[in-house]
Amino acid sequence: QVQLVESGGGLVQAGGSLRLSCAASGRTLSSYRMGWFRQAPGKEREFVAGISSSGTLTYYGDSVKGRFTISRDNAKNTLYLQMNSLKPEDTAVYYCACRVDTRWPSDREKSYAYWGQGTQVSVSL
């Protein structure tokens, strides 16, 4: 069992930056591919970014490509999401999760488990 806790969210103006962290306990994160998702009010949860267990492979949702960067520090058991050039449409609760079922594509929610509680990101004009 893995427990994940996200942090780093907040209120930022459009064009600004935030760095989210996802700290793990219970098991080492190096065993897992990881991902970030987000959910805006009234919308379905959306894939944001994913990363391989070693950190050498990364992939992104179309809406964040070129602006967000996912990374990990396995020694610190922590996952990160650097968000630059933020837009109001990035406003959402952001979640990290472990990818446990590779039968599903990496951008599918059902491929993941051990979700954190989420951290709110709000981007104002």
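Rules of the game
- Residues numbered from 1 in each chain as written.
- Predicted model: local features only at pLDDT ≥ 70, side-chain atom pairs only at ≥ 80, totals over all residues.
- Heavy atoms only, no water.
- Buried < 20%, exposed > 50% of the residue type's maximum accessible area, 1.4 Å probe, protein only.
- Helix = DSSP H or I, 4+ residues; strand = E, 2+ residues; numbered from the N terminus.
- Pairing = 2+ DSSP bridges.
- Axes fitted to C-alpha atoms, helices over the stretch in contact; angles between N-to-C directions.

(A) Molecular detail of the pairing of strand β1 (residues 3–7). Burial along β1 is one-sided: Leu-4 and Glu-6 are buried, while Gln-3, Val-5 and Ser-7, pointing the other way, are not. Relative to strand β3 (residues 18–25), β1 runs antiparallel, the two being bridged by five bridges. In the sheet register, Ser-7 faces β3, and the bridge partner there is Ser-21.

(B) Looking closely at unusual backbone geometry. A positive phi is found at Ser-85, a non-glycine position, where the angle reads about 50°. Structurally, the position occupied by Ser-85 is in the loop between β8 (78–83) and β9 (92–99). In this structure Ser-85 comes out as partly exposed when scored by relative accessible area, which is 40%. A positive phi angle is found at Tyr-114, which is not glycine, with a value near 60°. Turning to its location among the elements, Tyr-114 is positioned in the loop between β10 (112–113) and β11 (119–124).

(C) Representation of the sheet that holds β8 within the structure. Taken together, four strands build an open sheet; the order of strands is β1-β3-β8-β7 and the sheet is antiparallel. What marks the edges here is a single partner per strand, and that holds for β1 and β7 (68–73). Strand-to-strand twist in this sheet, taken as the mean axis angle between neighbours without regard to direction, amounts to 15°.

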